[in-house]
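Residue-level structural notes
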Amino acid sequence: MTHPTANKIPAIPAPWGCVADGAPARCYALITSAGNGSRAVRPADPAAPKQYQRLAGQRVIEHTLAAFLALPHWAGVAVVVAPGDDAYQSSDARVRVWPVGGAVRAQTVHNGLQQLAAAGARDSDWVLVHDAARCLIEPAQIERLLAACWDDPVGGLLALPLPDTLKSATAATAATAAMPRVAATLERDHKWLAQTPQMFRLGALRAALAAHQGSGYAGITDEASAIERSGAQPLLVPGSASNFKITYPADFALAEALLAQRQTQRLALPDSATAATPTTAPMNPASPAPATPAPNPLAGLRIGEGWDIHALVPGRPLILGGIHIPHPSGLLGHSDADALLHAITDALLGAAALGDIGTLFPDTDARFAGADSAQLLAQAMQRVAEHGYALINLDTTVIAQAPKLAPYKAAMQARIAEVLGLQPGQVNVKAKTAEKLGPVGQGLAIECRAVALLQRVA
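**Focus on the overall build of the chain**
The helix and strand inventory of the chain stands at 12 helices and 18 strands. Burial statistics for the chain: of 458 residues in total, 45% are counted as buried. If you take every contact in the chain between residues at least 6 apart in sequence, the share linking residues at least 24 apart comes to 72%. Looking at the chain as shown, the accessible area adds up to about 21800 Å², and 56% of this sits on carbon and sulfur atoms.

**Things to note about the side chain of Asp92**
Within the fold, Asp92 resides in the loop between β4 (76-81) and β5 (95-98). Judged by its relative accessible area of 17%, Asp92 falls in the buried class.

**Side note on the nonpolar core**
By size, the foremost hydrophobic cluster in this structure holds 48 residues, and its most contacted members are Leu320, Ile344, Leu348, Ile416, Leu420 and Ile446. With nine residues, helix α8 (residues 339-351) is the single largest residue contributor to this core. Residues in contact with Ile344, not counting those within four places in the same chain, are Leu377, Leu394, Thr396, Ile416, Leu420 and Ala450.

**A closer look at the packing of α8 against helix α10 (residues 373-386)**
Close contact between α8 and α10 brings their axes to 9 Å; oriented N to C, the two are set at 10°. Between α8 and α10, the angle falls in the class roughly parallel. Along the contact surface, α8 presents Leu341, His342, Ile344, Thr345, Leu348 and Leu349, while α10 presents Ser373, Ala374, Leu377, Ala380, Met381 and Val384. For the contact of α8 with α10, a count of residues per class yields nine nonpolar, three polar and no charged.

**Side note on the sheet that holds strand β15 (residues 329-331)**
The strands making up a sheet associate through hydrogen bonds between their backbones, and the pairing can be parallel or antiparallel. Reading across from one edge, β15-β12-β18-β16-β17 is the order of the five strands in this open sheet, with mixed pairing throughout. Looking at the sheet topology across the chains shown, the edges are occupied by β15 and β17 (427-432). Sheet twist, expressed as the mean angle between neighbouring strand axes with direction ignored, is 20°. Strand direction decides the pairing type here: strand β16 (residues 389-399) and strand β18 (residues 445-456), joined by 10 bridges, are antiparallel. Along β18, the bridge assignment pairs Val398 with Cys448.

**Some thoughts on the packing of α10 against helix α11 (residues 409-420)**
Running from amino to carboxyl end, α10 crosses α11 at an angle of 45°, the nearest separation of the two axes being 9 Å. Considering the angle they form, α10 stands oblique to α11. α10 and α11 meet at a crossing whose hand is right-handed. Contacts between α10 and α11 involve Ala374, Leu377, Ala378 and Met381 from the first element and Arg415, Val419 and Leu420 from the second. Looking at the contact of α10 with α11 residue by residue, the classes come out as six nonpolar, no polar and one charged.

**Remarks on the side chain of Gln195**
Considering the arrangement of structural elements, one finds Gln195 in strand β10 (residues 192-201). A relative accessible area of 5% means that Gln195 is categorised as buried. Polar side-chain contacts of Gln195 include one of 3.4 Å to the side chain of Asn243. Apart from residues no more than four positions distant in its own chain, Gln195 is found in contact with Arg134, Leu157, Leu158, Ala159, Leu160, Gly239, Ser240 and Asn243.

**Let's talk about the pattern of salt bridges**
Pairs may arise between side chains of opposite charge once their charged atoms sit close together. Evaluation of the coordinates by the stated rule reveals 12 salt bridges. Where Asp131 meets Arg105, a salt bridge forms, and the shortest distance between an N and an O atom there is 2.7 Å. Here Asp131 is found in strand β6 (residues 126-131), whereas its partner Arg105 is found in helix α2 (residues 105-118), with 26 residues between them in sequence. Assessed through its relative accessible area of 22%, Arg105 is described here as partly exposed. Arg449 is the salt-bridge partner of Glu447, the closest N and O atoms lying 2.9 Å from each other. Take Arg449: its relative accessible area is 45%, and that puts it in the partly exposed class. In the salt-bridge network here, residues are joined through shared partners; they are Arg105, Asp131, Arg134 and Glu223.

**Points about the environment of Arg316**
Here Arg316 shows up in the loop between β12 (301-314) and β13 (318-320). With a relative accessible area of 25%, Arg316 lands in the partly exposed category. Residues Arg316 and Gly333, spaced 17 residues apart in sequence, show a C-alpha to C-alpha distance of 9.7 Å. At 3.5 Å, the side chain of Arg316 forms a polar contact with the backbone oxygen of Gly333.

Reading guide: rules and limits
Residues numbered from 1 in each chain as written. Predicted model: local features only at pLDDT ≥ 70, side-chain atom pairs only at ≥ 80, totals over all residues. Heavy atoms only, no water. Helix = DSSP H or I, 4+ residues; strand = E, 2+ residues; numbered from the N terminus. Buried < 20%, exposed > 50% of the residue type's maximum accessible area, 1.4 Å probe, protein only. Contact = heavy atoms within 4.5 Å. Areas by Shrake-Rupley, 256 points an atom, 1.4 Å probe, with all protein chains shown as cover. Core = buried A, V, L, I, M, F, W, Y, C linked by side-chain atoms within 4.5 Å. Axes fitted to C-alpha atoms, helices over the stretch in contact; angles between N-to-C directions. Parallel < 35°, antiparallel > 145°, perpendicular 65-115°, else oblique. Nonpolar A, V, L, I, M, F, W, Y, C, P; charged D, E, K, R; others polar. Pairing = 2+ DSSP bridges. Left-handed = near helix turned anticlockwise from the far one by under 90°. Polar contact = N/O pair within 3.5 Å; in protein donor to acceptor, adjacent residues only side chain to side chain. Salt bridge = Lys/Arg side-chain N within 4 Å of Asp/Glu carboxyl O.

Here is the structure:
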């Protein structure tokens, strides 16, 4: 199968080869990797910038480069790193690493464009600028941008229409416990979330950035914003929600889960489907890999089950799924007695064969008296991740005769996802009654169950 853009992009005889000024435009990729990622520090390796943290057996930047190198279109792929950074090297002849990163992202891109020009790229050539921390970009998304922009006079970027209600906020104050309040609800129609890659002509982008060099690139938050200030209007090419930028520690768990899911899906594809995928052309077609037995698509998947029950007693707060629920009685226990989070903790530990909550956080230990079960769950998730597993999804059930839990299910789902570094769609919370049977049905206790699916990623 040919690439969708193969009829537009001329053949590249050799990477980084010089051509005459009148030759058709070529295409370069410029990967920015000069930041220190201070917001995305992971306990496992706090000294490493986020682009060098490991996900699913590879570093973040290696996943990013693999998506670009799966395509045949590049006259060259440049990685811009901070001065003195020699942590990333590539044996691929298409890749060059330049330690010319700047103090801000716009300066890094501008310096990279200058290096591209010095290496033989022309003003008429296309450049796709991409953040190394967007490591879930897929070749098909890159090709969608190429196909949309190749004949456009300006170029464009991958972006997503804003799906959620948009709020502006007041400044946080001591009176609001350092949390801001809503100032206004903003109109979300015609608003998009910018992603990368962003694709523009080298000369136009370099000139647009140079115009703001004297101000320290003030107000230039991406390449499109520089092009906009030059008076042009970039195309908005629909991207994917999976193409998010790793910014906070919780983003690593989501990225690992998505990478594991993709790997499982690839293993499940028949050989014919894999061969037809346009982005998997071998680097050396003359030397095909020897045939090997088909891998088991279920390899590395682990299922764990968790269960907990606590008595309801007057005078205790009722906490389920990390949410305070109004009720005359609460659950009795050594910690805050959140039976739902306890069941989830056991499901995670069970799936990874790491024991149970009683072993990890014994009720005989005074340190856990009144403990926040959300913190205990986060510690259990960290231990599971350290043993090489990512959480794919979680299904839970709360059995309670009272109170009615339907109004709180969405909040519990969101809180559990927050603690585990997941998207809410990866967590399910169901609420049942016991039909007035047994201690739960008589309102004397609440019972919780959980099932977790893990994928080995390291």
